[in-house]
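Here is how the chains run, residue by residue.
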Amino acid sequence: PPPPGGAAGAGGPAGRAEDAGGFSPPAAVAPPGTIAEGGILADGADEPGPAGPPSWLRGVSFRTRISVLVGLAVGIAVATAALVSYIAVSRQLEQQANSNLQSAVDLVPTLIRFVGPGQLSPTAFINFQLRTGDQVQVVIAGNQGAHIYSVNAEHDTMPEATFFKLTAETGQTLAAKSPASPVQTLQGADGNPYRVATVSVISGELVVQIGYPLTNVEDSLSFLRLMLILVALGGVAVAAGLGWVVG
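What you see is a predicted model; the values in this text were computed from it and never measured.

### Points about the overall build of the chain
Right, on to step 1. Looking only at helices and strands, the chain has six helices and seven strands in total.
Right, on to step 2. Counting helices and strands in the order they occur from the N terminus, the chain gives α-α-α-β-β-α-β-β-α-β-β-β-α.
Right, on to step 3. Residues counted as buried form 27% of the 247 residues belonging to the chain.
Right, on to step 4. Long-range pairs, those at least 24 residues apart, make up 47% of the contacts in the chain between residues at least 6 apart in sequence.

### As for the layout of surface pockets
Right, on to step 1. Taken as a whole, the largest pocket spans an internal volume of roughly 230 Å³.
Right, on to step 2. Gln135, Val151, Asn152, Ala153 and Phe163 are, among the 14 residues lining the largest pocket, the residues nearest its centre.
Right, on to step 3. Across the lining of the largest pocket, the residue classes break down as seven nonpolar, five polar and two charged.

### Notes on the packing of aromatic side chains
Right, on to step 1. Counted by the stated rule, this structure contains three aromatic pairs.
Right, on to step 2. An angle of 75 degrees between the planes, with centres 5.3 Å apart, marks the rings of phenylalanine 164 and tyrosine 194 as edge-to-face. With a gap of 30 residues between them, phenylalanine 164 in the loop between strand E4 (147-150) and helix H5 (168-174) and tyrosine 194 in strand E6 (residues 193-202) connect regions that are remote in the sequence. Each member of the pair, phenylalanine 164 together with tyrosine 194, is buried.
Right, on to step 3. By the ring-pair criterion, three or more aromatic residues cluster together here, those being Phe163, Phe164 and Tyr194.

### A look at the nonpolar core
Right, on to step 1. Counting 26 residues, the largest nonpolar core has Phe125, Val136, Val138, Val208 and Ile210 as its most contacted members.
Right, on to step 2. Among the elements that take part in this core, helix H3 (residues 62-105) stands out by supplying five residues, more than any other.

### Quick look at the pairing of E4
Right, on to step 1. Along E4, the buried face is formed by Ile148 and Ser150; none of His147 and Tyr149, which line the opposite face, is buried.
Right, on to step 2. Bridge analysis of strand E3 (residues 135-140) against E4 gives four bridges, and the strand direction is antiparallel. The residue of E4 that forms the bridge with valine 138 is tyrosine 149.
Right, on to step 3. Hairpin connection between E3 and E4: a loop of six residues separates the two successive antiparallel strands, and glycine 145 in this loop has a positive phi of roughly 120 degrees.

### Looking at the side chain of serine 90
Right, on to step 1. In this structure, serine 90 sits in helix H3.
Right, on to step 2. By relative accessible area, serine 90 is classed as buried at 19%.
Right, on to step 3. Within the local environment of serine 90, its side chain forms a polar contact with the backbone oxygen of isoleucine 87, the two atoms lying 2.8 Å apart.

### Re H3
One turn of an α-helix holds 3.6 residues; hence residues three or four places apart share an orientation.
Right, on to step 1. Look at H3: 64 Å from first C-alpha to last across 44 residues, which is about the 64 Å you get at 1.5 Å a residue.
Right, on to step 2. When H3 is considered as a whole, its buried residues turn out to be Ser67, Gly71, Gly75, Ala82, Ser90, Leu93, Ala97, Leu101, Ala104 and Val105.

### Quick look at the environment of proline 159
Right, on to step 1. By secondary structure assignment, the location of proline 159 is in the loop between E4 and H5.
Right, on to step 2. On the accessibility criterion, proline 159 (36% relative accessible area) is partly exposed.
Right, on to step 3. Note: C-alpha distance between proline 159 and tyrosine 149 (10 residues apart in sequence) is 5.6 Å.
Right, on to step 4. When near neighbours in sequence (up to four residues on either side) are disregarded, proline 159 contacts Ile148, Tyr149, Ser150 and Asn152.

### Digging into the sheet that holds strand E5 (residues 180-187)
Right, on to step 1. What the five strands build is an open sheet, ordered E4-E3-E7-E6-E5; its pairing is antiparallel. At either end of the open sheet lies a strand with only one pairing partner, and these are E4 and E5. For this sheet the average axis-to-axis angle between neighbouring strands, irrespective of direction, equals 25 degrees.
Right, on to step 2. Docked against the sheet, H3 engages E5, E6 and strand E7 (206-213), running at close to 25 degrees with respect to E6.

### With respect to unusual backbone geometry
Right, on to step 1. One non-glycine residue, aspartate 156, lies in positive phi territory at about 55 degrees.
Right, on to step 2. Following the sequence through the fold, aspartate 156 ends up in the loop between E4 and H5.

### Considerations on the environment of proline 109
Right, on to step 1. One can find proline 109 in the loop between H3 and strand E1 (114-116).
Right, on to step 2. Residues proline 109 and valine 208, 99 residues apart in the sequence, show an inter-C-alpha distance of 9.4 Å.

### Focus on the pairing of E6
Right, on to step 1. In terms of burial, E6 is largely enclosed, as seven of its 10 residues are buried.
Right, on to step 2. Sheet topology places E5 next to E6; six bridges connect them, and they run antiparallel. Bridged to glutamine 184 within E6 is valine 196.
Right, on to step 3. Counting the residues that bridge the hairpin from E5 to E6 gives five residues, and of these glycine 191 lies at a positive phi of roughly 90 degrees.

About the thresholds
Residues numbered from 1 in each chain as written. Predicted model: local features only at pLDDT ≥ 70, side-chain atom pairs only at ≥ 80, totals over all residues. Heavy atoms only, no water. Helix = DSSP H or I, 4+ residues; strand = E, 2+ residues; numbered from the N terminus. Buried < 20%, exposed > 50% of the residue type's maximum accessible area, 1.4 Å probe, protein only. Contact = heavy atoms within 4.5 Å. 1 Å grid on protein atoms, 1.4 Å probe; cavity = no way out; pocket = protein on both sides within 12 Å on 5 of 7 lines; lining within 4 Å. Points joined across faces, edges and corners; volume = space filled by probe spheres on them. Nonpolar A, V, L, I, M, F, W, Y, C, P; charged D, E, K, R; others polar. Phe/Tyr/Trp six-rings, centres within 6.5 Å; stacked < 30°, edge-to-face > 60°. Core = buried A, V, L, I, M, F, W, Y, C linked by side-chain atoms within 4.5 Å. Pairing = 2+ DSSP bridges. Polar contact = N/O pair within 3.5 Å; in protein donor to acceptor, adjacent residues only side chain to side chain. Expected span 1.5 Å × (residues − 1). Axes fitted to C-alpha atoms, helices over the stretch in contact; angles between N-to-C directions.

Remember that the coordinates give geometry; whether it matters functionally is a separate question.
Rendered as structure tokens:
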């Protein structure tokens, strides 16, 4: 005899009728918060949020972050402005040095005075150096090589001594291969830098070198560098402090 309720049982006629009618058992549903088959989030699952800050940054307070960020931004801005200012001032000083040197070079023909055959008067060169502060050196070609005379302003003399070492450009000018040498930056016998112009006065026989001292220019640039560095550091410190207070 069929068991009670056999009409609804899985093995009963009713169960077989449901199977024959095309009904299938319900599909398994993934619990909320899990990943269903195919990688799709099940209903009710939370989507992954954006990644948080790095672990090393989590321990830094918000106030510290603000102060560092503001200080860094101000530091970059001040450093850029300082660099632009330094380049502009250095170029202006260089142009001024070249302009002063050119003015001195224009006076070279007036310095040549002979007191006898082949005897050059040193008085005009000495007075010129005392008046302008530019170093004067005269190079005279000779059979045994060049003779170099430099003004000694301390003793008001012009002995045969080398103040600027002869370069290849100076030798070409002395040999009358060029009327003048390009302006060069040379070190003098006193150890200081000079902007030196070489001018041919008597072709193949005599050239005059005028050296404009760059000591004042370098001192001005060194002082400017120091001031800009201090201003940049001060600006960064003030900005960082304000960022700390505001944060």
